[in-house]
Amino acid sequence: MPRHQILTFLTDFGTSDPYVAEMKGVILSVLPGANLVDISHDIPAGDVMAAAVVLRQALPYFPPETVHCVVVDPGVGTERRILAARYDRQVVVFPDNGVISFVDRDRALEGIAVVRDERYFLTPAAAPTFHGRDIIAPVAAHLAGGLGLERLGPPPETFKLLDLPVPRPAPDGRLVGQVIYVDRYGNLISNISAALLERTFGRGPRVSVACAGKEVGPLRLTYAHVRQGQVLALVNSMSLVEVAVNGGRADEALSAGVGSEVCAACQVK
Amino acid sequence: MPRHQILTFLTDFGTSDPYVAEMKGVILSVLPGANLVDISHDIPAGDVMAAAVVLRQALPYFPPETVHCVVVDPGVGTERRILAARYDRQVVVFPDNGVISFVDRDRALEGIAVVRDERYFLTPAAAPTFHGRDIIAPVAAHLAGGLGLERLGPPPETFKLLDLPVPRPAPDGRLVGQVIYVDRYGNLISNISAALLERTFGRGPRVSVACAGKEVGPLRLTYAHVRQGQVLALVNSMSLVEVAVNGGRADEALSAGVGSEVCAACQVK
Amino acid sequence: MPRHQILTFLTDFGTSDPYVAEMKGVILSVLPGANLVDISHDIPAGDVMAAAVVLRQALPYFPPETVHCVVVDPGVGTERRILAARYDRQVVVFPDNGVISFVDRDRALEGIAVVRDERYFLTPAAAPTFHGRDIIAPVAAHLAGGLGLERLGPPPETFKLLDLPVPRPAPDGRLVGQVIYVDRYGNLISNISAALLERTFGRGPRVSVACAGKEVGPLRLTYAHVRQGQVLALVNSMSLVEVAVNGGRADEALSAGVGSEVCAACQVK
């Protein structure tokens, strides 16, 4: 059994109701010394795409053997399954709705199981409306306590992945991507990665960015490289191209949001 | 002394101000290895009834010896006392304002004390406006560290209980209850339990629900059993009758809230 | 190495995005058993003054060796440095923007260093836009694990302190201070301390308070000493003069906020 049992929570439950605490109580009943960390409970209700982005971003910073509980689950009570998958020596327990898509795209799958063995569920038998508490939490606790993934059930033949938007080269040489996440500051985070920029335009030339049809200018090193209130683009802390306003909200300034077009081009001058 | 010291927090403090952290700092100064869990800090200010519902729901999922700190306390600074009570081998420290009402109705009281011995208070002497930090937190830490309840003070002769709404049979055979809690999704949670339904209507017949004067239809197994946007009723994860909208807000759809009538009847067909 | 490693977080990140979890993951990768406590993530974006008040209030309640991570940092990416300072046997890691001002005014500085040694930073090299994750979190983890402050870098020749508003005596004998913080209840918290009141007016006479040009009346012991909806003044749990409304919001009732004048005077009767 590992000495340190770290479990995280990523939900759309908010923090006013007892739902998160019920999950934590279930886990502490199995592992009273577990170290519990909230990733977020403020994912917009049922927004699987937003949860997928947040999970992709947070997971790499946690140590091996961390177990992540993801409960953004518009299909609770339907036939969709609960899965447990291992990436980067960490485990994610999640509904089979595509929330794992970005992690799965970026990292090697090291194991996956359909969560089926009811001995690891909360007893009495699971309520059909709260799989987070009745299945995901107790199963995650057993996994954090050392249970092998293969003990939960067989691997699925396949599992759901979202149709992730992919940046594409345009005939004129530009790279055309889109906004995949808007953070609380109104920053517009695109699906254009630093690595893709380099593969497309090489290391040398400066790159210029446009968003929602408006020129944003060259990539800056940081927010403070433009005046207060000015729009800018940079490679952010997720290594993704981000459009922001220094001291303001880019979503409002550009009337943009998830799905808005973000273009990168070599500066011709 | 127990190996694992789990303490929870249920307050109306919000999470922007330093008040919650002050309580946690006080506890960690007594028990630096304590495992601290937030139940909620977003109870509407002074809403003892909402806190009572949330506490009733979260408590059963925590392991024995957990100590719960409840600070929803519109009467801070008045003569109301601080109590510590034991239910289900767990302890709750709370202002004597009725916040314990649902827990006390549903579970056997195993011990109770008026918190009086100032040796367990924060020194210097308690500020009259923050009993959560100055009395409840340090007392809870000592309890989680193994202090016996009886060391805090004598049992009270009586303590405050809310006048909880009780579902009643109507002359026409219907069961008439009411909404006691609205969660962040707008779900209307009633005081009609699954057990009461069974005692009233038996196991066989299907039950139909109305809320705020509108027919909602038969009890469903889960939200996904009706179309998006449709109202439904189900027995929820608290084992209570709940009125919801699949993918929407029932409070808005039915113009209902805490106190609205919820009726259950045998379907006659 | 200390047995208990307590770290706190004070940011303006909110709790919907992955940023806080990234910091926590970085820390747990160094210290998997660390006890992590949120002070607040809801400081208004870039409001260094509000963060300074909250830090001043929370810090004294934590035990020795606690390490506080402060990331309210409108200047991220500019040349401002990251500092680590020791007060009260606790350590604060923070951007050099004045957020330490109240703590530094009230407590003895026991040591300070410019955070410079990149061996304690997150590798690969720090992103220029997220010093909280890439510098403050890993450095804080190493400090909580026992690293000496002096190992991080040299002491700064000087560091930034805010121009804190100071209450001043008026010619007519009144003490004129101002609101420095408004809490979630709308309470107006001034910079007039209980100690200053006593030095100015002595222990005997009753003191009367005005705020934003309106008489508020004598200092009360607690909120419940006036009727519901009535304005009052008291010495609050921070030992500061506070103007409040029993069961209401003083900021709205008095159209007051940070910077509004608060006066204390001997009651002449």
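Residues numbered from 1 in each chain as written. Chains lettered and ligands numbered in written order. Predicted model: local features only at pLDDT ≥ 70, side-chain atom pairs only at ≥ 80, totals over all residues. Heavy atoms only, no water.

**Things to note about the overall build of chain A**
Logical step 1: The number of helices and strands found in chain A is six helices and 14 strands.
Logical step 2: Scaling as 2.2 N^0.38, a compact globule of 269 residues should have a C-alpha radius of gyration of about 18 Å, and chain A matches this with 21 Å.
Logical step 3: Principal-axis analysis of the C-alpha atoms places the extent of chain A at approximately 70 × 40 × 35 Å.
Logical step 4: Counting over 269 residues, chain A shows a buried share of 61%.
Logical step 5: Put simply, of all contacts in chain A between residues at least 6 apart along the chain, 66% involve residues at least 24 apart.
Logical step 6: As presented, chain A carries roughly 10700 Å² of accessible surface, and 50% of it is formed by carbon and sulfur atoms.
Logical step 7: Separation of charge centres in chain A, based on 25 positive and 28 negative side chains, amounts to 7 Å. (Helix = DSSP H or I, 4+ residues; strand = E, 2+ residues; numbered from the N terminus. Rg over C-alpha atoms; globule rule 2.2 N^0.38 Å. Buried < 20%, exposed > 50% of the residue type's maximum accessible area, 1.4 Å probe, protein only. Contact = heavy atoms within 4.5 Å. Areas by Shrake-Rupley, 256 points an atom, 1.4 Å probe, with all protein chains shown as cover. Lys, Arg positive; Asp, Glu negative; His and termini not counted. Charge placed at Lys NZ, Arg CZ, Asp CG, Glu CD.)

**Describing the sheet that holds strand β5 (residues 90-95) of chain A**
Residue and element names in this part refer to chain A.
Logical step 1: If you walk across this open sheet you meet the six strands as β2-β1-β3-β5-β4-β6, and the pairing is mixed. Only two strands of the sheet have a single partner each, and these edge strands are β2 (35-40) and β6 (109-114). Here the average twist between neighbouring strands, direction ignored, is 20 degrees.
Logical step 2: The sheet contact formed by strand β4 (residues 82-87) and β5 spans six bridges and is antiparallel. Paired with A85 across the bridge in β5 is V92.
Logical step 3: Of the strands in this sheet, β1 (6-11), β2, β3 (67-71) and β5 are in contact with helix α2 (residues 48-58), which crosses β1 at around 155 degrees. (Pairing = 2+ DSSP bridges. Axes fitted to C-alpha atoms, helices over the stretch in contact; angles between N-to-C directions.)

**Examining the interface of chain A and chain C**
Logical step 1: Residue-level contacts link 31 residues of chain A with 30 residues of chain C.
Logical step 2: Here chain A and chain C share an interface that buries about 2400 Å² over both sides, 57% of which is from carbon and sulfur atoms.
Logical step 3: Looking at the side of chain A facing chain C, the largest losses of area belong to A:Y61, A:R184 and A:S237, adding up to 26% of the total buried there.
Logical step 4: The tally of links between chain A and chain C comes to zero salt bridges.
Logical step 5: Remark: the boundary between chain A and chain C carries 15 residue pairs in polar contact (both at pLDDT 80 or more).
Logical step 6: Of all the secondary-structure elements, those providing two or more residues to the side of chain A that touches chain C are β2, α2 and β8 (175-182) of chain A.
Logical step 7: The residue inventory of the side of chain A that touches chain C, partitioned by class, reads 18 nonpolar, nine polar and four charged. (Buried area = accessible area lost by both parts, 1.4 Å probe. Salt bridge = Lys/Arg side-chain N within 4 Å of Asp/Glu carboxyl O. Polar contact = N/O pair within 3.5 Å; in protein donor to acceptor, adjacent residues only side chain to side chain. Nonpolar A, V, L, I, M, F, W, Y, C, P; charged D, E, K, R; others polar.)

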